[in-house]
Amino acid sequence: MPDTHVLTEAETSKFVEANGVKVHYNEAGTGAPLILIHGGGPGAGGWSNYNRNMGPLSKHFRVICPDLPGFGKSDMKPLGSPMPGWYAETMAAFLRALGLEKAHFIGNSLGGMVTLKLALEHPEMVDRMVLMGTGGSLPVFSTFPTEGIKTLLFFYDAPGPSLERLKGFIGQFVYDPSQITEELLKQRMEVALDPRIIANPPMRPNPKTPPEELWRDARLTKLPHETLMIWGREDRVMPIDMAFPLLKQIPRARLFVMPQCGHWAQWEHAEEFNRTVTGFFSA
């Protein structure tokens, strides 16, 4: 009989200490390790971003989906820590804590930037990587920062977080906003209103430690990794032309464009996404 069991957040939930902080993660499956790193939107977390992917992917891989510190159930990110450098070092420590020397990676938005930084600093720890609507680049034609990025960075500033602001932000993530359910908004809002996160929003800009512009890093041209960039053609958060500087520089990169798709390719077109990345990592 076919396996009809549906994974739950609770049954896959675990904790480990890495880089001096407690990191929460969800894990399922066996085989080659695959790390899924989420984006940086209000209320984001590993399970929230990848709950449509963990089950199908866990049939082929040992899927490990952390909450980056400052998000979900993990400890907070230290004030003033460099972005994305501190996260990349934390993910390196996370792998070591799990006894892993190397893994495949999928990174969405902020998670893509963290994955790319990890590949630059610790290339031996990254096998193949998928960068989905990734940060760390700059659009060739589009205006940037987009309205979505502005909302992300200043969500906790006056007039403060609200369900209406969150709905407007999440609505920019997808091609068809009617897919956004009240349940999804409620779950994300509950996480976003965590007093720890309100006191120290992980994405709030810090003039003393501005985000690195990874697209300027000369080491990109020497990255040895097979790289798949997945982009929604209608991405209004990270426009598709942000892919071009990375595509031109990373030697073994290719670009897969999903039509009628926004920033959440893994959620909005989950079946195609799961099929595509499974083939990529299995090749």
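For the structure itself, consult the block above.
Residues numbered from 1 in each chain as written. Predicted model: local features only at pLDDT ≥ 70, side-chain atom pairs only at ≥ 80, totals over all residues. Heavy atoms only, no water.

K.L.:
How should I be thinking about helix α4 (residues 110-121) in this particular structure?
P.N.:
Helical periodicity: at 3.6 residues per turn, an α-helix aligns residues three or four positions apart in one direction. Over its 12 residues, α4 runs 17 Å from end to end, which matches the ideal 16 Å to within 8%, given 1.5 Å per residue. The buried count for α4 comes to 11 of 12 residues, which makes it a mostly enclosed element. Within α4 the residues assigned to the buried category are Leu110, Gly111, Gly112, Met113, Val114, Thr115, Leu116, Lys117, Leu118, Ala119 and Leu120. Lining the buried residues of α4 we find β3 (33-37), α3 (85-97), β5 (103-108), β6 (126-132) and α9 (243-249). (Helix = DSSP H or I, 4+ residues; strand = E, 2+ residues; numbered from the N terminus. Expected span 1.5 Å × (residues − 1). Buried < 20%, exposed > 50% of the residue type's maximum accessible area, 1.4 Å probe, protein only. Contact = heavy atoms within 4.5 Å.)

K.L.:
Got a minute to help me understand the sheet that holds strand β4 (residues 62-66) in this structure?
P.N.:
Taking strand neighbours across the sheet as the criterion, the eight strands line up as β1-β2-β4-β3-β5-β6-β7-β8 in an open arrangement whose pairing is mixed. Looking at which strands have only one partner, the edges of the open sheet turn out to be β1 (13-18) and β8 (253-258). Going from strand to strand, the sheet's axes swing by 25° on average, the running direction of each strand aside. Here β5 runs beside β6; their pairing, made up of five bridges, is parallel. Paired with asparagine 108 across the two strands is methionine 132, which belongs to β6. Where helix α11 (residues 270-282) meets the sheet, it contacts β3, β5, β6, β7 (227-232) and β8, and its direction lies at approximately 155° from that of β6. (Pairing = 2+ DSSP bridges. Axes fitted to C-alpha atoms, helices over the stretch in contact; angles between N-to-C directions.)

K.L.:
I'm lost on the pattern of salt bridges in this one. Help?
P.N.:
Pairing is possible between side chains that carry opposite charge, provided their charged atoms lie close to one another. The final tally for this structure, using the stated rule, is 14 salt bridges. One salt bridge in this structure joins glutamate 27 and lysine 14, with 3.3 Å as the shortest N-O distance. With a gap of 13 residues between them, glutamate 27 in strand β2 (residues 21-28) and lysine 14 in strand β1 connect regions that are remote in the sequence. Lysine 14 sits in the partly exposed class, given a relative accessible area of 36%. A salt bridge links arginine 219 to aspartate 217; the nearest nitrogen and oxygen atoms lie 2.9 Å apart. On the accessibility criterion, arginine 219 (34% relative accessible area) is partly exposed. In the salt-bridge network here, residues are joined through shared partners; they are Lys117, Glu121, Glu212, Asp217 and Arg219. (Salt bridge = Lys/Arg side-chain N within 4 Å of Asp/Glu carboxyl O.)

K.L.:
Got a minute to help me understand unusual backbone geometry in this structure?
P.N.:
For residues that are not glycine, phi is negative in most cases, and the peptide bond is trans in most cases. At the junction of phenylalanine 144 and proline 145, the peptide bond is cis and its omega measures out at 5° in the coordinates. Structurally, proline 145 can be placed in the loop between β6 and α5 (147-153). Geometrically, the link from alanine 158 to proline 159 is a cis peptide bond, its omega value of 10° lying close to zero. One can find proline 159 in the loop between α5 and α6 (163-171). The phi dihedral of asparagine 19 falls on the positive side, at around 55°, and the residue is not glycine. Structurally, the position occupied by asparagine 19 is in the loop between β1 and β2. At serine 109, a residue that is not glycine, the phi angle is positive and equals roughly 60°. Here serine 109 is to be found in the loop between β5 and α4.

These results come straight from atomic positions and should not be treated as a statement about function.
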